[in-house]
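Reading the structure
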Amino acid sequence: RFLNGDREVVLTGEAYFDVKHDPAHPFIIQTGNVDIRVLGTVFNVKAYTEDATVETTLLSGKVEVSFPESNSKARKVIQLEPEQKLIINTKKEIPVKTNKKTNYSITPVKILSGITHNGQTEEEPAAAWVNDRFDFDNVTFEQLSHDLERWYNVTLRFKNDKYKQEVFTGAFRKQSINDVLQALQLMSGFQYEVNTKENIIYIW
């Protein structure tokens, strides 16, 4: 289908795209009720079914995102500029940090460039996972728990709900789940226990 010019994909999960410019054959990504139309660009899409949001982060080029507008049958169409992230709330029953009058928000993202102190090139935060780096920025522990579960193939369960709304920012590369939890523990003060037989981590 791609060879015949029909460039459409259906996405569940997270993917990093580098799409060749071809105005005659737009590249379209469908994830639930959200459609992303691309003419040639580099961007990241995060769209897991268990999450309350779909995130599109534009690194370069231009994308057009179409999705149902809150409290309306109409569809909203937004064109993103480079270094912008669009967050769409796809589950009304789960509150997320979007504009109270809408079901989406647009935030700037920092596109890192240059060389780090150890001589390695820094990568964009939205695509850090491609290079085996686990990044998160200003997210609640509840939101972060879903990413931790996918990244480390574990299950997190909260015995104390107050920690679900703790907000964290951080970055890890090739570190164990214990290393990550110990670092978060220093910032929050929660306790945790690992059930190795069932691969479950309890937070309280």
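Predicted model only: the values in this text are computed from it and were never measured. (Residues numbered from 1 in each chain as written. Predicted model: local features only at pLDDT ≥ 70, side-chain atom pairs only at ≥ 80, totals over all residues. Heavy atoms only, no water.)

Concerning the sheet that holds strand β2 (residues 13-19)
Note the cut-off: DSSP calls a pair of strands paired once it identifies at least 2 bridges connecting them. Under the scheme used here, helices are H or I runs from DSSP no shorter than 4 residues and strands are E runs no shorter than 2 residues, and both carry numbers assigned from the N terminus. Only C-alpha atoms enter the line fits that serve as axes; for helices the fit covers just the stretch in contact. Angles between N-to-C directions range over 0 to 180 degrees.
If you walk across this open sheet you meet the five strands as β2-β5-β6-β9-β10, and the pairing is antiparallel. Only two strands of the sheet have a single neighbouring strand rather than two, namely β2 and β10 (104-108). Mean inter-strand twist for the sheet, computed between neighbouring axes without regard to direction, equals 15 degrees. The pairing of β2 with strand β5 (residues 41-47) spans seven bridges and is antiparallel. Opposite Tyr16, over in β5, you have Asn44 as the bridge partner.

Some remarks on helix α2 (residues 177-188)
For clarity, the threshold we go by: One less than the residue count of a helix, multiplied by 1.5 Å, gives the span that helix is expected to have. When a residue's accessible area, from a 1.4 Å probe over protein chains only, is under 20% of the maximum for its type it is buried; when over 50% it is exposed; and in between it is partly exposed. The directions from the helix axis to the C-beta atoms are what the arc is built from. Here, residues are in contact when the closest pair of their heavy atoms is within 4.5 Å.
Here α2 spans 16 Å end to end across twelve residues, near enough to the 16 Å set by a 1.5 Å rise per residue. When we look at burial in α2, the residues that qualify are Ile177, Val180, Leu181, Leu184 and Ser188. Around the axis of α2, the buried residues are gathered within 95 degrees of arc, so they sit on the same side. The secondary structure elements touched by the buried residues of α2 are β11 (133-140), α1 (141-152), β13 (167-173), β14 (192-195) and β15 (200-203). Positive backbone phi, at 90 degrees, marks Gly189, one or two positions downstream of α2.

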